[in-house]
Amino acid sequence: MNQPALTLEQLRETIEQRVLYRDGMMLVLNKPPGVPVHRGPAAAGQRNAPDLESAFDALRFGLPRVPSLAHRLDRDTSGCLVLGRHRKALEKLGRMFRDGAIDKTYLAVVRGRPPAGRGEISLPLARRDPARGWWMKVDPDGLPSVTLWRALGEAGSEDGGPLTLMELTPVTGRTHQLRVHCAAMGWPIVGDAIYGDAPRFGGPGLHLHARSVTIPLYPAKPAVHVVAPPPPHMATLLARCGFAQAPGDAT
């Protein structure tokens, strides 16, 4: 079912526990599902469901500046979220995300069975409605959008149809890219009430998790590699699809 709303007080009390990595330049959080990363119409209209950014003042760790978002994740997507701790760090991380220098991998449970073990989705994306910039569609006149995918396991669903655990790697970073690409291929992500067939309320929750980021932030050091444990609402289907939790993956 959908995640219960968190209050701002709950976010502030628990956000430090969600820090997966910290150094002088950046933080990597394990973002909870169901929480928008910044304030907007969706956040403002939901009582007791504040944006994550409003709790960042609890993540100063001795620095005078509150950390800021280096990129975005959808409200219902969980997992690795990168923050810059000061202006110079944000500028560098922003360039790296724009240039595709940061590798990101996602876990998704989808409805359906891909025809092969791995592949590439190359479908241009554009806004479906100019008034709602986050609502996307496949459009031949849209921006080039590429996703690499790999099937990791499968299981049957309660209605008898197949479920597949996917590893998704976005080569480009368009809004809702993974969700639109999977739905366009006939494999909508479980719990997707926008591009799939999940109910808007009372559904299983979006089964899309930003599993890892690899950030070559320091030229003389190995790239920083961070892995986020999946959220509790994904645990049942992940286990049915044969996903093995890594050591330290406490949910």
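Everything numeric here is computed off the predicted structure, so don't read it as measured data.

Draft legend 1. Looking closely at the pattern of salt bridges. Per the stated rule, a full pass over the model turns up eight salt bridges. One salt bridge connects Arg-12 with Asp-57, and the closest N-O pair in it is separated by 3.7 Å. Taken together, the positions of Arg-12 in helix α1 (residues 8–14) and Asp-57 in the loop between α2 (41–44) and β3 (68–69) put the pair 45 residues apart, joining distant regions of the chain. A relative accessible area of 37% places Arg-12 in the partly exposed class. Judged by relative accessible area, which is 36%, Asp-57 ranks as partly exposed. Between Arg-179 and Asp-74 there is a salt bridge whose closest N-O contact spans 3.3 Å. Of this pair, Arg-179 sits in helix α4 (residues 177–184) while Asp-74 sits in the loop between β3 and β4 (78–84), and the two are 105 residues apart along the sequence. The structure contains a network of salt bridges with shared partners spanning Asp-74, Arg-179 and Asp-192.

Draft legend 2. Here's a closer look at the side chain of Asp-139. Among the structural elements, Asp-139 can be located in the loop between β8 (132–138) and β9 (146–156). Using a relative accessible area of 17% as the deciding quantity, one classes Asp-139 as buried. From its side chain, Asp-139 meets the backbone nitrogen of Asp-141 in a polar contact 2.8 Å long.

Draft legend 3. Layout of the packing of aromatic side chains. For the structure shown, the criterion picks out one aromatic pair. Look at Trp-149 and Trp-187: their rings are 5.2 Å apart centre to centre, the planes differ by 70°, and that puts the pair in the edge-to-face class. You can see Trp-149 sitting in strand β9 and its partner Trp-187 sitting in the loop between α4 and β11 (208–215), a full 38 residues away along the chain. Like Trp-187, Trp-149 is buried. The aromatic ring of Phe-61 is capped on one face by Arg-22, whose charged end is 4.1 Å from the ring centroid. Taking NZ or CZ as reference, Lys-221 lies 5.3 Å from the ring centre of Tyr-218, over its face.

Draft legend 4. Focus on the nonpolar core. In terms of nonpolar packing, the biggest core is built from 28 residues, with Leu-52, Phe-56, Leu-83, Leu-168 and Leu-208 touching the most fellow members. At the level of elements, β2 (26–31), β4, β5 (103–111), β10 (162–170), α4 and β11 are the ones that each hand at least two residues to this core. No other element matches the three residues that β5 contributes to this core. Of all hydrophobic cores here, the second largest spans 18 residues; its members include Met-26, Ile-102, Leu-217 and Val-226.

Draft legend 5. Molecular detail of α4. By the criterion of burial, α4 is predominantly enclosed, with six of the eight residues buried. The complete set of buried residues in α4 reads Gln-177, Leu-178, Arg-179, Val-180, His-181 and Cys-182. Note on α4: the residue one or two positions beyond its end, Gly-186, has a positive phi of about 90°.

Draft legend 6. Inspection of the environment of Thr-147 at higher detail. Following the sequence through the fold, Thr-147 ends up in strand β9. Residues Thr-147 and Leu-90, spaced 57 residues apart in sequence, show a C-alpha to C-alpha distance of 25 Å. A polar side-chain atom of Thr-147 sits 2.8 Å from a polar atom in the side chain of His-181.

Cut-off values and rules
- Residues numbered from 1 in each chain as written.
- Predicted model: local features only at pLDDT ≥ 70, side-chain atom pairs only at ≥ 80, totals over all residues.
- Heavy atoms only, no water.
- Salt bridge = Lys/Arg side-chain N within 4 Å of Asp/Glu carboxyl O.
- Helix = DSSP H or I, 4+ residues; strand = E, 2+ residues; numbered from the N terminus.
- Buried < 20%, exposed > 50% of the residue type's maximum accessible area, 1.4 Å probe, protein only.
- Polar contact = N/O pair within 3.5 Å; in protein donor to acceptor, adjacent residues only side chain to side chain.
- Phe/Tyr/Trp six-rings, centres within 6.5 Å; stacked < 30°, edge-to-face > 60°.
- Lys NZ or Arg CZ within 6 Å of the ring centre and 35° of its normal.
- Core = buried A, V, L, I, M, F, W, Y, C linked by side-chain atoms within 4.5 Å.

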